[in-house]
Amino acid sequence: LARKRLQHLTNYLSIHQDSFLTEYQPKEIYADLKSHSFEALDYEEIPVSSLVQTIGDTAEICFPIRDSLVVPHVLYQELNKWILAHGDAKMATTYLVGIADGTGIAESSEMASERAIVIKNYLLSKGWNEERLILSTGQRSESLPIRNRCVMIYYE
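Here we summarise the structure given alongside this text. Values in this document were obtained by computation on a predicted structure and should not be read as measured data.

What counts and how
All chains use their own residue numbering, which begins from 1 and follows the written sequence. Only residues with pLDDT of 70 or above have their local features reported here, since the model is predicted, and side-chain atom pairs are shown and tallied only from 80 upward, although totals for entire chains, interfaces and linings are computed over all residues. In computing side-chain values, all of the structure's heavy atoms are included and hydrogens and water are not. Here, strands pair whenever DSSP counts at least two bridges between them. By definition, any uninterrupted DSSP run of H or I lasting at least four residues is a helix, any uninterrupted run of E lasting at least two residues is a strand, and each is numbered from the N terminus. Axis lines are fitted through C-alpha atoms, for helices just across the contact stretch, and the angle between N-to-C directions can take any value from 0 to 180 degrees. Contacts are residue-level and defined by heavy atoms, with any inter-residue pair within 4.5 Å sufficient. Salt-bridge detection follows one rule: a side-chain nitrogen of Lys or Arg within 4 Å of a carboxyl oxygen of Asp or Glu. The cut-offs for exposure are 20% and 50% of the maximum accessible area for each residue type, with area from a 1.4 Å probe on protein chains only; residues under the lower value are buried, those over the upper are exposed, and the others partly exposed. Joining through side-chain atoms within 4.5 Å is the link that ties buried Ala, Val, Leu, Ile, Met, Phe, Trp, Tyr and Cys residues into a set, and such a set is a nonpolar core. By the criterion applied in these results, polar contacts are pairs of N or O atoms within 3.5 Å in which, for protein atoms, one can donate a hydrogen and the other can accept it, and in which residues neighboring in sequence qualify only through two side-chain atoms.

Reading across from one edge, S1-S2-S5-S3-S4 is the order of the 5 strands in this open sheet, with mixed pairing throughout. Lying at the two open borders of the sheet, with one neighbouring strand each, are strand S1 (52-55) and strand S4 (133-140). On average, each strand axis in the sheet is inclined to that of its neighbour by 15 degrees, with strand direction left out of account. Relative to strand S2 (residues 58-62), S1 is paired through 4 bridges, and the arrangement is antiparallel. Bridging across to S2, Ile-55 finds its partner in Thr-58. Where helix H3 (residues 73-85) meets the sheet, its contacts fall on S1, S2 and strand S5 (150-155), and the angle it forms with S2 comes to roughly 175 degrees.

This next bit is on the pattern of salt bridges. Taken as a whole and judged by the stated rule, the model has 6 salt bridges. In this structure, Glu-60 and Arg-147 form a salt bridge, with 1.9 Å as the shortest nitrogen-oxygen distance. One end of the pair, Glu-60, is in strand S2; the other, Arg-147, is in the loop between S4 and S5, with 87 residues separating them in the sequence. Across this residue pair, the class does not change: Glu-60 and Arg-147 are buried. Glu-142 is the partner of Arg-140 in a salt bridge, and the nearest nitrogen-oxygen pair spans 3.9 Å. Residue classification places Arg-140 among the buried positions, given a relative accessible area of 16%.

Next up on the list: the nonpolar core. In terms of nonpolar packing, the biggest core is built from 30 residues, with Ile-61, Leu-79, Ile-119, Leu-123 and Ile-153 touching the most fellow members. Mapped by element, the contributors of at least two residues to this core are S2, H3, strand S3 (94-101), helix H4 (109-125) and S5. Considering each element in turn, this core owes the most residues, 6 residues, to H3. Beyond its immediate chain neighbours, meaning those up to four positions away, Ile-119 contacts Ile-61, Phe-63, Leu-79, Leu-96, Val-151 and Ile-153.

Another aspect to go through is the pairing of S4. Sheet analysis places S3 next to S4, joined by 8 bridges and oriented parallel. Residue pairing for S4: Ile-99 is matched across the bridge by Gly-138.

Tracing the backbone through its elements, the reader meets Arg-140 in strand S4. Each C-alpha atom, one on Arg-140 and one on Asp-101, is 5.7 Å from the other, the two residues being 39 residues apart in sequence. For Arg-140, the contacting residues outside a window of four places in its chain are Glu-60, Ile-99, Ala-100, Asp-101, Gly-102, Thr-103, Arg-147, Asn-148, Cys-150 and Met-152. Polar contacts involving the side chain of Arg-140 include one to the side chain of Glu-60, which spans 2.7 Å. A polar atom in the side chain of Arg-140 sits 2.5 Å from the backbone oxygen of Arg-147.

The values reported here are purely geometric and, on their own, carry no functional implication.
Printed below as a string of structure tokens:
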């Protein structure tokens, strides 16, 4: 039921399905549900420019939801633009640095590694040579948390 209502809302707001990511998170509710039932929907609008940055031979793709490995389709479209502009990257040694959020309750380096693997698998599907992909991890503590959940891609 909630998914159907979300679809109606996105249709009403003319939001394309490729431009958003949905995650259902259980939350503790303090209310009298027997006499006053309700539904709640939180949303956060994040511009694509906050999730993808490309400068020269470097691209950075951020994961919008903490502790999640899901990347919206629109971000893959942006990554494809970078790939097309840097066709020689497929033959070069390419570095993927998965980044974990170091603010608050810090994410583990395993999450950073898993993010790098998500992007690695995508690059492999686009013709990259697995032997030329080098993975590593890092942690960032920027004030905008979304900038702490990324994968940096660069080649030489």
